[in-house]
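Listed below are the residues making up each chain.
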Amino acid sequence: MRLTYKPIGDKNPVFSTSQQFEYDHPRTAYRYWVLLLLGLILSVSLNLVALYTWLYSNGPSNPLFPQALYSPAQDILEYKQVKFHSGFGSDLPIFDQPPSDEVDKAWDGLYEFAYSKISRHEAIRLPNKTYPILGEKPTTYMLALDVFHELHCLDEIRKAMYPEYYPPSSEGIHTSHMRHCLSSLRQSIMCSADISPIVWQWSEKSRAAKERSDVLHTCRDFEKIQQWGRDHFAGRTMQNMTIFIPDDL
């Protein structure tokens, strides 16, 4: 049934049913529901696009990609694009150059703040219990971010490559400690599983397609992690680990 509009002020009702019945209202309802459904699909699609754009632009630092296990340093994580060095020819940063005092200083600067201390509030949230620091009031607890441990291991392997420069030590190449370092680095590489694409490009100089490992990577901002280490530094010398400290953590 079709309703017709009557101007206000007319003696007749605003809507009149004097017109003949036309049985087209099912078709009208059908069009209404189709338009409603199309509007709903469009709205959901636009929201999904907006959500994807937001997630993509923020990357792993987005709150929807949290640190799976708690770390007291997780709140300072930021990501940035870093172009790697190839490690060949003249593309050698200080860390990859032959041993010298300058090179040793650069490597030491990577992990010199490895030994950290955290509050009880932070320690109680750790997935694994840690040990208190002797004589600290209020009680603080020992910690080291694994990245600093890995860099220490890599530095020891580097030194073992130059026995003519570094004097023999208990950290030598054929030791259980070095096996531990290799195992730790292997597991860390597999854990982080960097999927940045390495490519091949034609080299006019070599007249061949050459592997290019000097490509962009999405990296955690290491300088911010180093700053966290500085802010929580517990000193270069660890306490006497043979002293038992009762603790109810």
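Notes on the structure follow. (Residues numbered from 1 in each chain as written. Predicted model: local features only at pLDDT ≥ 70, side-chain atom pairs only at ≥ 80, totals over all residues. Heavy atoms only, no water.)

Moving on to the packing of helix 2 (residues 101-111) against helix 4 (residues 146-160). Remark: helix 2 packs on helix 4, axes separated minimally by 8 Å, with the N-to-C direction vectors making an angle of 155 degrees. When the axis of helix 2 is compared with that of helix 4, the two are roughly antiparallel. Contacts from Val103, Asp104, Trp107, Leu110 and Tyr111 of helix 2 reach helix 4 at Phe148, Leu151, His152, Leu154, Asp155 and Arg158. (Axes fitted to C-alpha atoms, helices over the stretch in contact; angles between N-to-C directions. Helix = DSSP H or I, 4+ residues; strand = E, 2+ residues; numbered from the N terminus. Parallel < 35°, antiparallel > 145°, perpendicular 65-115°, else oblique. Contact = heavy atoms within 4.5 Å.)

On inspection of all chains with the given rule, the structure shows four aromatic pairs. Plain terms: the ring middles of Phe95 and Trp107 are 5.9 Å apart, the flat faces sit at 85 degrees to each other, and that makes the pair edge-to-face. Of this pair, Phe95 sits in the loop between strand 3 (79-83) and helix 2 while Trp107 sits in helix 2, placing them 12 residues apart in sequence. Ring centres of Phe148 and Phe222 lie 6.3 Å apart, and the angle between their planes is 65 degrees; this geometry places the pair in the edge-to-face category. One end of the pair, Phe148, is in helix 4; the other, Phe222, is in helix 6 (residues 222-231), with 74 residues separating them in the sequence. Classification of Phe222 by relative accessible area gives partly exposed; the value is 22%. (Phe/Tyr/Trp six-rings, centres within 6.5 Å; stacked < 30°, edge-to-face > 60°. Buried < 20%, exposed > 50% of the residue type's maximum accessible area, 1.4 Å probe, protein only.)

Cis rather than trans, the peptide bond between Lys137 and Pro138 has omega equal to -5 degrees. Along the chain, the position of Pro138 falls in the loop between helix 3 (120-123) and strand 5 (140-143). Of note in the backbone geometry, Ala193 takes a positive phi value of approximately 45 degrees without being a glycine. For Ala193, the position within the fold is in the loop between helix 5 (176-192) and strand 6 (199-203). Positioned with a positive phi, Arg207 is a non-glycine residue whose angle comes to about 55 degrees. Counting through the fold element by element, Arg207 comes out in the loop between strand 6 and strand 7 (208-212).

Another point: the pattern of salt bridges. For the structure shown, the criterion picks out 12 salt bridges. With its nearest N and O atoms 2.9 Å apart, the salt bridge here joins Arg236 to Asp108. Residue Arg236 is found in the segment after helix 6, and its partner Asp108 is found in helix 2; the two are separated by 128 residues along the sequence. We classify Arg236 as exposed; its relative accessible area is 55%. Given a relative accessible area of 27%, Asp108 falls into the partly exposed group. As a salt-bridge pair, Asp155 and Arg158 come within 2.8 Å of each other at their nearest N and O atoms. Taken together, the positions of Asp155 and Arg158, both in helix 4 and three residues apart, correspond to about one turn of that helix. Assigned by exposure class, Asp155 and Arg158 land together as buried. In the salt-bridge network here, residues are joined through shared partners; they are Lys83, Arg212 and Asp214. (Salt bridge = Lys/Arg side-chain N within 4 Å of Asp/Glu carboxyl O.)

Moving on to the environment of Lys105. Within the secondary structure, Lys105 is located in helix 2. A sequence separation of 11 residues divides Lys105 from Ile94, and the C-alpha atoms of the two residues are 9.8 Å apart.

Glancing now at helix 4. Look at helix 4: 21 Å from first C-alpha to last across 15 residues, which is about the 21 Å you get at 1.5 Å a residue. Among the residues of helix 4, those classed as buried are Phe148, Glu150, Leu151, Cys153, Asp155, Glu156, Ile157 and Arg158. Buried residues in helix 4 make contact with helix 2, helix 5 and helix 6. (Expected span 1.5 Å × (residues − 1).)

Take the side chain of Ser184 next. Examined against the element boundaries, Ser184 turns out to sit in helix 5. Leaving out residues up to four positions away in the same chain, Ser184 has contacts with His149 and Glu150.

On to the side chain of Thr140, then. Topologically, Thr140 is positioned in strand 5. Residue Thr140 is classed as buried on the basis of its relative accessible area of 13%. In contact with Thr140, other than residues within four places in its own chain, are Lys117, Ile118, Pro132 and Ile133.

Here we take up the state of the cysteines. Taken as a whole and assessed by the stated rule, the structure comprises one disulfide. Note that Cys153 is cross-linked by a disulfide to Cys181, the S-S spacing being 2.3 Å. The sign of the S-S torsion, about -70 degrees, decides the handedness of the disulfide formed by Cys153 and Cys181: left-handed. In this pair, Cys153 is assigned in helix 4 and Cys181 in helix 5, connecting sequence segments 28 residues apart. By the burial criterion, Cys153 is buried, and Cys181 matches it. (Disulfide = S-S within 2.5 Å.)

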